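# Overview (structure and organization)
Here's the letter readout for the chains.
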Amino acid sequence: MPQEKKTSLVDLDKAPPSQREARPGQAQKPEGTVSSSRRGFLKDAGGLGIASLMGAAALLTNSDDAQANMDWAEWFQGNYRLMTDKEKAQARARLEKRYSAEYGKPVTVDTTPAKAGVLFGYALNIQKCIGCRRCVKACVEENNQSRGDESHKGKEIEWIQVLKMEKGEFTQEKMNKGYPSDAGIQVGGNAYSPAGVVLEGENYYAPEKVPEDGALYMPMACMQCEKPPCVKVCPVRTTYREPDGIVVIDYNWCIGCKQCIDACPYWARRFNFTTPNLPKEEMNPVTHYMGNRPRMRGVVEKCTWCVQRTRHGRYPACVEVCPVGARKFGNLLDPESEVSRILARKNVFRLKAEINTYPKFFYYFD
């Protein structure tokens, strides 16, 4: 009888490129590259059989390597909304242990849920805003956003944008500066001058003092929409609206597809293209699972109205730090809250109301 041909085992990490077989349509990765995102990890693991994954899980579970066990548990933990109370407690303890070791200080990860009878709302007086951007800095410090410095240029992340918009008017001097200059002028001389106030503002500005003459400032962040388009497009349901109206992200389930970024009409979401730069001494150790806990590379993040604060009766950091009191926050279901009184008594508008996202972030003026 012919003998069965034995297949030799090959260590794919040590084998030459000719022995590494790529799946059809899959380009080979450069040697030594390792995907650090959940999406990349699961894609790379797609060629492994279920038995292989279960075997690896058993191997790691029985391993003495605490870090390996922790990594494995985080990769394959369930969607937070579907976890049992016991699983949520385990995830919380695991993260607290990881962050405390990583940042060299006791770190807490809050899991306080939304309170019944609370629907958060935000109001901003654009007449009072002076464009100082203290709100931006306070938000970065409170919510553990990636810092930018000389060695980490382009890694900074800011959830709040403050747009500087110029006021202007039509002038007689520009009447004859249109083109073409003969009969039938197609572009008028006042075409490139600000008229009134335009939304196409400048996000990066550095004046010696604020407010600048002839400028109006319009801060923007997540609008916490009642009908959020970002939630609708998420293919893995990692972003969703909480009962108190805050739209959150389960970072461990984000696959980094960026569809929510494309769907958001308010430029409110940020993507971590690189590992966030968060110095240990600047890390805020008071965190929330759905809010300001440290993020990882390859996930989306956004404003959560400082859920680690607001669910304990505190104002968001941007509200506390505003030097002119332009920002107001409160429960929309409480007629005596600051934000409810503003909606009842002031001239209020929602940004891009015509697209029917129904923001709970309101602008007003006296």
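Residues numbered from 1 in each chain as written. Predicted model: local features only at pLDDT ≥ 70, side-chain atom pairs only at ≥ 80, totals over all residues. Heavy atoms only, no water.

### As for the sheet that holds strand S12 (residues 347-349)
In space, the four strands of this open sheet follow the order S11-S2-S13-S12, with mixed pairing throughout. Since the sheet does not close on itself, it has two edges, and those belong to strand S11 (327-331) and S12, each with one partner. On average, each strand axis in the sheet is tilted by 30° relative to the strand beside it, whichever way the strands run. Sheet topology places strand S2 (residues 120-125) next to strand S13 (residues 361-365); four bridges connect them, and they run parallel. Among the inter-strand pairings, Ala 123 is bridged to a residue of S13, identified as Phe 362. (Pairing = 2+ DSSP bridges. Helix = DSSP H or I, 4+ residues; strand = E, 2+ residues; numbered from the N terminus. Axes fitted to C-alpha atoms, helices over the stretch in contact; angles between N-to-C directions.)

### Considerations on the pattern of salt bridges
In total, this model carries 13 salt bridges according to the counting rule given. With a shortest N-O distance of 3.2 Å, Glu 141 and Lys 137 are connected by a salt bridge. In this pair, Glu 141 and Lys 137 both sit in helix H5 (residues 134-142), four residues apart, roughly one turn of the helix. For Lys 137, a relative accessible area of 54% gives the class exposed. Glu 226 serves as the salt-bridge partner of Arg 241, at 2.8 Å between the closest nitrogen and oxygen. Here Arg 241 is found in strand S6 (residues 239-241), whereas its partner Glu 226 is found in the loop between strand S5 (215-220) and helix H6 (229-233), with 15 residues between them in sequence. When its relative accessible area of 31% is taken as the criterion, Arg 241 is described as partly exposed. Beyond isolated ion pairs, a larger network of salt bridges with shared partners links Glu 142, Arg 309, Arg 314 and Glu 320. (Salt bridge = Lys/Arg side-chain N within 4 Å of Asp/Glu carboxyl O. Buried < 20%, exposed > 50% of the residue type's maximum accessible area, 1.4 Å probe, protein only.)

### Looking at the packing of aromatic side chains
Going through the model one piece at a time under the given rule, you end up with ten aromatic pairs. Taking the centre distance of 4.7 Å and the plane angle of 75° together, the rings of Phe 271 and Phe 273 count as edge-to-face. For Phe 273, a relative accessible area of 56% corresponds to the exposed category. The lysine or arginine in question, Arg 133, covers the ring of Tyr 205, its NZ or CZ lying 4.0 Å from the ring centre. The ring of Tyr 289 has Arg 293 sitting right over it, with the charged end atom 4.1 Å from the ring centre. (Phe/Tyr/Trp six-rings, centres within 6.5 Å; stacked < 30°, edge-to-face > 60°. Lys NZ or Arg CZ within 6 Å of the ring centre and 35° of its normal.)

### Section: the pairing of S2
Of all six residues that make up S2, six are buried, and the element is covered over most of its length. Residues Phe 120, Tyr 122 and Leu 124 of S2 are buried on one face, and the alternating residues Gly 121, Ala 123 and Asn 125, pointing to the opposite face, are buried as well. Pairing between S2 and S11: five bridges, direction antiparallel. Note that in S11 the partner of Ala 123 across the bridge is Lys 328.

### Here we look at the pairing of S5
Of all the six residues making up S5, six are buried; the element is thus mostly covered by neighbouring parts of the structure. Going residue by residue along S5, you find Ala 215, Tyr 217 and Pro 219 tucked away on one face and Leu 216, Met 218 and Met 220 tucked away on the opposite face as well.

### Points about H5
Three or more residues of H5 are buried, namely Cys 135, Val 136, Ala 138, Cys 139, Val 140 and Glu 142. Packed against the buried residues of H5 are strand S3 (161-168), helix H8 (307-310), helix H9 (317-321) and S11. (Contact = heavy atoms within 4.5 Å.)

### Brief notes about the environment of Ala 268
Tracing the sequence through the fold places Ala 268 in the loop between helix H7 (259-263) and strand S8 (270-271). Separated by 48 residues in sequence, Ala 268 and Met 220 have C-alpha atoms that sit 7.7 Å apart. In this view, Ala 268 contacts Ala 221, Cys 222, Glu 301 and Lys 302; residues no more than four positions away in its chain are not counted.

### Points about helix H10 (residues 338-345)
Within H10, the full set of buried residues consists of Val 339, Ser 340 and Ile 342. All buried residues of H10 project into a common sector of 160° when viewed along the axis, lining one side. Exposed and facing more than 90 degrees away from the buried side of H10 are Ala 344 and Arg 345. If you follow the buried residues of H10, they end up packed against S2, S11, S12 and S13. (Arc of directions from axis to C-beta.)

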